[in-house]
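So the chains spell out like this:
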Amino acid sequence: MSPARLSKHFVTHPASRDVLSPVLERLPGAARRALARSPWATGALRDVAAMVRSWTTPRPPFQLIGRDGAALPGERRLKVLEVRRETPDAVSLFVERPAGVRELAGQFLTFTLSIDGAEVRRSYSLSSAPDEPCWRVTVKRVAGGSGSTHLTERVRAGDTLRTRGPSGDFTLDPDALPGHLLLIGGGSGVTPLFALAKAALTADAGARVTMLIGDRRGVDCLFAEEIDELARAHDGLRVVRVLESSGSVESPRRIDEADLDDALARGTLHEARVYVCGPEPLMDLVVHALGRRGVGGAQVKTERFVTVRAPAADRLPSTPVTLRVGGREAPVAPGQTLLEAATAAEIPLEFSCTMGGCGACVMRLVDGDVAMAEPNCLDDDERRRRLVLTCVSRPLTDVTLEPDD
Ligand code: FES
């Protein structure tokens, strides 16, 4: 490329017009000829031209890297096909299933919602099994909950939802079903349990599955008719409902250890795989009671959906700090998460739910300190190993991260 063409390129390029062209236009003819003969100078100018082009050429949207290494779009806009009222407080949103995305039963979606001018993110479990034609997310309204109120009262068929995921490891390998699948929960916790039951019975119509469900009143029980229908179609599925308040139930009460013993008695303890999702007190009771019976570790999976609390602003630095990861650096503005800073700098990090609930964004803190929003899905052992979730971590100092291999 001749210096004259380069000069013309700079002169006409919007980003360089004001800065570079006056310099090139003043080059004397001899200097231009020297540049034309100099491969080094011509190459350097070509690099400058490429750099200027890169400043002004629109970039492709940021891509998140899936856990399997495949590039996935960061966010999908999915159409709501149907809104079905399940109980007085809960609806199911049937949304289109994106082509080529295969979820596991028990996973959840994260929605980014615009509510009263603010953006909020909320995660909700899929109640659909992977072989169903569309995704079904079931949302129960929580008193004072902006996300659940919006989804249960304002969303209509035909609307579009900004969606991330599916995420989460509250899942089941349909090719390795346990001898006895025990699903325990209540309230909206029944949502992923229903998906797991359907997936297990699709994989093996004769699978031994027990659902132990607690709820306040019969009218609040999610999927009651569908679960009963599933049980009628599969001899191996046993459903036990425990209701807390009166109505048609003679002895209202909560799930207790006798219910657990009764459920576990359907198989040997070592062949049981237990999934627990529901209100915190119920989950704590079940997990501790299982532990006392020698059922724990990989045999028990839990799923907790709680609102994460960001660290107090006065703990955070008031000036930018530096994030170092993979040989690159990014400034982190006060209050930004590590993931937000990396994304802004186009450093590709894994992530999915962006709410501290799935673990997809986990990295190891090599240097520095962070404040993480709590509670989140890291356990004590992972914290001892200095693992952090970049989506809910805000730096307190300069930090260096590396993948957790
Ligand atoms: S992206 Fe899910 S925990 Fe961070």
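Residues numbered from 1 in each chain as written. Predicted model: local features only at pLDDT ≥ 70, side-chain atom pairs only at ≥ 80, totals over all residues.

S.K.: What is the right way to read the nonpolar core from this model?
M.R.: One recurring pattern in soluble globular proteins is that nonpolar side chains are buried together. Counting residues in hydrophobic clusters, the biggest one holds 56 residues, and the most contacted among them are Leu 183, Leu 193, Leu 196, Ala 197, Ala 200 and Val 209. Here the element with the most residues in this core is helix α6 (residues 190-203); it accounts for nine residues. Mapped onto the domain boundaries, this core takes at least three residues apiece from domain 2 (64-167) and domain 3 (180-303). Not counting residues within four places of it along the chain, the set of residues in contact with Val 209 comprises Leu 181, Leu 183, Ala 197, Ala 200, Leu 201, Gly 236 and Leu 237. Core analysis: the next-biggest nonpolar cluster, separate from the first, contains 26 residues, Met 355, Cys 358, Met 363 and Leu 365 among them. (Core = buried A, V, L, I, M, F, W, Y, C linked by C-beta atoms within 7 Å. Buried ≥ 20, exposed ≤ 12 C-beta atoms within 10 Å, placed from the backbone. Helix = DSSP H or I, 4+ residues; strand = E, 2+ residues; numbered from the N terminus. Domains from an automatic or database assignment. Contact = placed C-beta atoms within 7 Å.)

S.K.: For this particular structure, what's the right way to read unusual backbone geometry?
M.R.: It is generally the case that most residues other than glycine have a negative phi and that most peptide bonds are trans. Cis geometry is adopted by the peptide bond preceding Pro 166, which originates at Gly 165 and carries an omega value of 5°. The topology assignment puts Pro 166 in strand β8 (residues 160-167). Positive phi values are uncommon outside glycine, yet Asp 116 reaches one of about 50°. Summarising the element assignment, Asp 116 is placed in the loop between β5 (108-115) and β6 (118-125).

S.K.: Explanation requested: the confidence of the model for the chain in the structure shown.
M.R.: Low pLDDT means the predicted atomic positions in that stretch should not be read closely. The predicted model of the chain has a mean per-residue pLDDT of 82, with 80% of residues at 70 or higher. Scored below 50 in pLDDT, residues 1-25 shows 27 contacts in the model against residues more than four places distant or in partner chains. Below a pLDDT of 50 lies the segment residues 42-73, which in the model reaches 29 contacts outside its immediate sequence neighbourhood of four places, other chains included. (pLDDT = per-residue confidence, 0-100.)

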